[in-house]
Number of protein chains: 2
Amino acid sequence: MQKNTSHAAGLHRASLRKLHDLDAALELMYYGWRGMTLSADQYLATVGLSRPHHRILYVVARQPDISIGALIEILGISKQAVNRPLNLLLQRKLLTSKRSPEQHRSKLLRLTEAGKRVEQRASDHERKVLREAFDRVGPPGAAAWMAVMGVIADNN
Amino acid sequence: MQKNTSHAAGLHRASLRKLHDLDAALELMYYGWRGMTLSADQYLATVGLSRPHHRILYVVARQPDISIGALIEILGISKQAVNRPLNLLLQRKLLTSKRSPEQHRSKLLRLTEAGKRVEQRASDHERKVLREAFDRVGPPGAAAWMAVMGVIADNN
DNA sequence: GTTCTCACGTCAATATAGTTGACGTTAGGG
DNA sequence: CCCTAACGTCAACTATATTGACGTGAGAAC
């Protein structure tokens, strides 16, 4: 008789007793985040990267020639925290950094072709999960989801 | 002329160029998670606790006399990872652990009154954010949000 | 009753993602 | 020309997780 300690990765969308009417929603937010990022993280792990690397790739893909300072602003973490994953990406040639001759102060970041591929594949995993969910509820449901998330996201 | 490096905590719901139609949704998930947990985390910090402590308190509140093993199953992390925050909560007397005379093998966890207060206040911060968002879109929107998140959460 | 086994729980070492502090470099304004 | 402040890097530390090793106790085999 084997105990089921092995498949702990699935992490059990818990059937906890609900003390409040919004407890279910609260738990959904938690497991939703995990559900969206899980397959992307698994893919990233196969290429030796993780979430912070993906976040950098994601932003640079959408704003080529961004400076490190601007990148930091968007990511909301310290420049020192960005440094290590950023250097790994440069070293792996997923990113390039050049200083333009006249603006010598900041480095400008850009994805290489390999970097674009990784960014796209990782983000595709996340978008696939979202797409399936939106398909399940139709455009009005998707719009409602976006509206709710917009309000929640503005709580900063 | 002061540069705005100080309020970096607000982390800028970025106005990035959208490469795909679902990019906006993807970013909303990220900032939504942060938006929901931010005020709760700030409260927890004032009492010297953080997210893993809250997760433990949350589960124990909803399943009194839970064993450490069962707690681990629900949290989806290793028993070693649970150990340190759990011991802090015991030491701070926010949790009690007793071994029942006949089931001497596992410890049974329970919240103290102080533990209940902390759990409730932290979770209230999160529920407040959700409630405001749901109020903004009405019951059908809330239901749609739950449906979408349910599908996403099942991606494990 | 003794002993074997295994779940439960703890301790130690390591990895990863973040922080703050200190420092060199470069651009631009007195 | 030099002072200042932004940009970027290096080093040290903290927090949250991981895996591995180990002690303890309950229940079964004998």
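Structure: see above.
J.: So what exactly am I meant to see when it comes to the packing of aromatic side chains here?
T.: By convention here, two paired aromatic rings are described through the distance between centres and the angle between planes. All told, the structure shown has six aromatic pairs over all chains when counted by the stated rule. Aromatic pair A:Tyr30 and B:Trp33: ring centres 5.9 Å apart, planes at 50°, arrangement tilted. In this pair, A:Tyr30 is assigned in helix H1 (residues 23-46) and B:Trp33 in helix H1 (residues 23-46), connecting two distinct chains. Owing to a relative accessible area of 15%, A:Tyr30 belongs among the buried residues under this scheme. Consider the rings of A:Phe134 and A:Trp145, whose centres lie 5.5 Å apart with planes at 65°: the pair is edge-to-face. By the burial criterion, A:Phe134 is buried, and A:Trp145 matches it. Among the aromatic residues, those joined into a cluster by ring pairs are A:Tyr30, A:Tyr31 and B:Trp33. The ring of A:Tyr58 has A:Arg62 lying over it, and the distance from NZ or CZ to the ring centre is 3.6 Å.

J.: Explain H1(B) to me, please; I cannot follow it from the model alone.
T.: Residues spaced three or four apart along an α-helix face the same direction, because each turn holds 3.6 residues. Residue and element names in this part refer to chain B. Taking 1.5 Å per residue, 24 residues should reach 34 Å; H1 reaches 35 Å between its end C-alpha atoms and fits that length. Considering bend angle alone, the principal kink of H1 is centred on threonine 37 and spans about 40°. Residue glycine 48 follows H1 closely and has a positive phi angle near 75°.

J.: Is there a simple way to think about the pattern of salt bridges in this case?
T.: Pairs can form between side chains of opposite charge whenever their charged atoms are close. This model, assessed by the stated rule, comprises 20 salt bridges over all chains. One salt bridge connects A:Arg51 with A:Glu126, and the closest N-O pair in it is separated by 2.9 Å. Taken together, the positions of A:Arg51 in helix H2 (residues 51-62) and A:Glu126 in helix H5 (residues 113-153) put the pair 75 residues apart, joining distant regions of the chain. Two residues, B:Asp23 and A:Arg62, come together in a salt bridge whose shortest N-O distance is 2.8 Å.

J.: Quick question: what am I supposed to make of the packing of H1(B) against helix H5 (residues 113-153) of chain B here?
T.: Packed helices, taken two at a time, are described by the angle between their axes plus the distance between the axes. Residue and element names in this part refer to chain B. For the pair H1 and H5, the least separation of the axes is 7 Å and the interaxial angle reads 160°. By the angle class used here, H1 and H5 are roughly antiparallel. Between H1 and H5 lies a crossing whose hand is right-handed. Here Met29, Gly35, Met36, Thr37, Ser39, Ala40, Tyr43 and Leu44 of H1 lie close against H5, whose contacting residues are Val118, Arg121, Ala122, His125, Glu126, Val129, Leu130, Met149 and Ile152.

J.: Explanation requested: the pairing of strand E3 (residues 108-111) of chain A in the structure shown.
T.: Along a regular strand, successive side chains alternate from one face of the sheet to the other. Residue and element names in this part refer to chain A. Burial along E3 is one-sided: Leu109 and Leu111 are buried, while Leu108 and Arg110, pointing the other way, are not. Direction of pairing for strand E1 (residues 66-67) relative to E3: antiparallel, over a ladder of two bridges. By the bridge assignment for E3, serine 67 is matched with leucine 108. Here strand E2 (residues 95-98) runs beside E3; their pairing, made up of four bridges, is antiparallel. Residue lysine 98 lies in a different strand from E3, and its bridge partner there is leucine 108.

J.: Any chance you could explain the relation of the copies chain B and chain A here in plain terms?
T.: Applying a rotation about an axis and a shift along it to one chain copy brings it onto the other copy. Mapping chain B onto chain A leaves a residual RMSD of 0.1 Å; the transformation is a rotation of 180° accompanied by 0.0 Å of translation along its axis. Considering both components of the superposition, the chain copies are consistent with a two-fold axis. For chain B, the smallest separation between a C-alpha atom and the rotation axis is recorded for B:Trp145, amounting to 2.3 Å. A high fraction, 100%, of the interface residues of chain B reappear at the interface in chain A, so the copies pair face to face through one surface.

What counts and how
- Residues numbered from 1 in each chain as written.
- Chains lettered and ligands numbered in written order.
- Predicted model: local features only at pLDDT ≥ 70, side-chain atom pairs only at ≥ 80, totals over all residues.
- Heavy atoms only, no water.
- Phe/Tyr/Trp six-rings, centres within 6.5 Å; stacked < 30°, edge-to-face > 60°.
- Helix = DSSP H or I, 4+ residues; strand = E, 2+ residues; numbered from the N terminus.
- Buried < 20%, exposed > 50% of the residue type's maximum accessible area, 1.4 Å probe, protein only.
- Lys NZ or Arg CZ within 6 Å of the ring centre and 35° of its normal.
- Expected span 1.5 Å × (residues − 1).
- Bend = angle between axes of the 7 residues up to and from the residue.
- Salt bridge = Lys/Arg side-chain N within 4 Å of Asp/Glu carboxyl O.
- Axes fitted to C-alpha atoms, helices over the stretch in contact; angles between N-to-C directions.
- Parallel < 35°, antiparallel > 145°, perpendicular 65-115°, else oblique.
- Left-handed = near helix turned anticlockwise from the far one by under 90°.
- Contact = heavy atoms within 4.5 Å.
- Pairing = 2+ DSSP bridges.
- Least-squares fit on C-alpha atoms with pLDDT ≥ 70 in both.

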